[in-house]
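# Results of the structural survey
Next come the chains, spelled out residue by residue.
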Amino acid sequence: DHKLRQTLTAFPGLAHDVGHDCRTRSPHPSTHTHMRVILLLFLAGPASAARAVTVPAPLQRPLDCVRSLLDRLPRPRDGSWPATGSTRPPPRGPADIERFVGEATEEEGWAPVVSRDGFQVSRRNLRGSRHVYVRGQGVFGAPPEAVIGLFETSDAALIRRYNPLYDSGWDLERYDSRTKAAYAKVRAACPGVRPRDTVSLISRRDVGGGAWGCGGTVFFQEATTHPAAPPLRGVVRAKILRGMFLVQPVPGCPRQTRFTFTQQCDAGGVIPSWLMNRLIVSESIHFLQRLDRTAQGR
């Protein structure tokens, strides 16, 4: 708020527009209009959006310079793979799926953060993104089919046992027997914070053993859009940039499950990404514990 006030004081024409009481001399009407244009350009974000605005002639040249700089800035791809610097598309075929799972479950590049009750949480920073990539691993005291059932249920009460903030959700469209677009909404985590919702493409796939595991079932998640779920007033649209739930059998132990999840999320809103990253990492260990208890029916 302090930095915002400093910015508004530096641009007198903006203070009145956004409701701040800055004791400044009233600007010339044309200056007032120019400041509104500048504010609109900065709020618009990409240079492509700015080009749709009619710009007064005196500002054309400096704004062309700004657009040129914006066009040169690298933009992270929300749908990129977790490998640092990779720009490959999300997994499609069996070989791509195994490669994706292999990269997510390998030890290289992951930094351990916390270990508790046999569960481990690690993090990984991806080039070009301010959102942390988090991973949780452990062995559950329940068979794989019980864990899979938790990710396929529509029972809201059951979902809230491992995700207490879950409010509601439903399938938006099924593309085939294993791929769908789904909507989910979670309640506000605390007073003063708005609730969040997501629209995600969810796909279930079988994975082979390979050199990194013993086969199993994986659920992929990635943010998408759908005409049946437009943004809602008062609700922040979060994005699951990439994520998976990997459910694997434990050889010789049919009543146990090796579980791995990875997720990179853009929570949206005004909460700083560094703070949200810390909250996501700290919550991950509790998510694993709740999921294990729920799968066991406890």
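Let us look at the structure shown here. (Residues numbered from 1 in each chain as written. Predicted model: local features only at pLDDT ≥ 70, side-chain atom pairs only at ≥ 80, totals over all residues. Heavy atoms only, no water.)

Here the focus is the pattern of salt bridges. Counted according to the given criterion, the structure contains seven salt bridges. Residue Arg204 is joined to Glu152 by a salt bridge in which the shortest nitrogen-to-oxygen separation is 2.6 Å. Taken together, the residues span a long stretch of sequence, with Arg204 in strand β6 (residues 196–207) and Glu152 in helix α7 (residues 144–152) at a distance of 52 residues. Relative accessible area serves as the criterion here: at 21%, Arg204 is assigned to the partly exposed category. As a salt-bridge pair, Asp197 and Arg237 come within 2.7 Å of each other at their nearest N and O atoms. Of this pair, Asp197 sits in strand β6 while Arg237 sits in strand β8 (residues 236–237); the two residues are 40 residues apart in sequence, bridging distant segments of the chain. We classify Arg237 as partly exposed; its relative accessible area is 22%. (Salt bridge = Lys/Arg side-chain N within 4 Å of Asp/Glu carboxyl O. Helix = DSSP H or I, 4+ residues; strand = E, 2+ residues; numbered from the N terminus. Buried < 20%, exposed > 50% of the residue type's maximum accessible area, 1.4 Å probe, protein only.)

What follows deals with unusual backbone geometry. If you check the backbone angles, Asp117 has positive phi at about 55° while not being a glycine. In this fold, Asp117 is placed in the loop between β1 (111–116) and β2 (119–124).

In this section: the side chain of His226. By the secondary structure assignment, His226 is in the loop between β7 (216–223) and β8. On the basis of relative accessibility, which here comes to 12%, the residue His226 falls in the buried class.

What follows concerns the packing of α7 against helix α9 (residues 273–295). It is at 9 Å that the axes of α7 and α9 come closest, and there the two elements cross at 110°. In this view, α7 runs roughly perpendicular relative to α9, as classed from their interaxial angle. The handedness of the crossing between α7 and α9 comes out as right-handed. For the pair formed by α7 and α9, the contact residues are Ala146, Val147, Leu150 and Phe151 on the first element and Leu291, Thr294 and Ala295 on the second. Of the residues that constitute the contact of α7 with α9, the class distribution is six nonpolar, one polar and no charged. (Axes fitted to C-alpha atoms, helices over the stretch in contact; angles between N-to-C directions. Parallel < 35°, antiparallel > 145°, perpendicular 65-115°, else oblique. Left-handed = near helix turned anticlockwise from the far one by under 90°. Contact = heavy atoms within 4.5 Å. Nonpolar A, V, L, I, M, F, W, Y, C, P; charged D, E, K, R; others polar.)

In terms of nonpolar packing, the biggest core is built from 28 residues, with Phe151, Phe259 and Leu291 touching the most fellow members. Elements with a contribution of two residues or more to this core: β2, β3 (133–140), α7, α8 (156–162), β9 (239–250), β10 (253–266) and α9. Among the elements that make up this core, the one with the highest residue count is α9 (eight residues). Leaving out residues up to four positions away in the same chain, Leu291 has contacts with Phe140, Leu150, Phe151, Tyr162 and Phe259. One finds Ile97, Phe100, Tyr133 and Met244 within the second-largest nonpolar core, a separate group that totals twelve residues. (Core = buried A, V, L, I, M, F, W, Y, C linked by side-chain atoms within 4.5 Å.)

This paragraph deals with the environment of Leu150. Relative to the elements of secondary structure, Leu150 occurs in helix α7. C-alpha separation for the pair Leu150 and Tyr162, spaced twelve residues apart in sequence, amounts to 9.1 Å. Not counting the four nearest positions on each side in its chain, Leu150 is found in contact with Leu158, Tyr162, Leu291, Thr294 and Ala295.

This is a description of form; function is not addressed.
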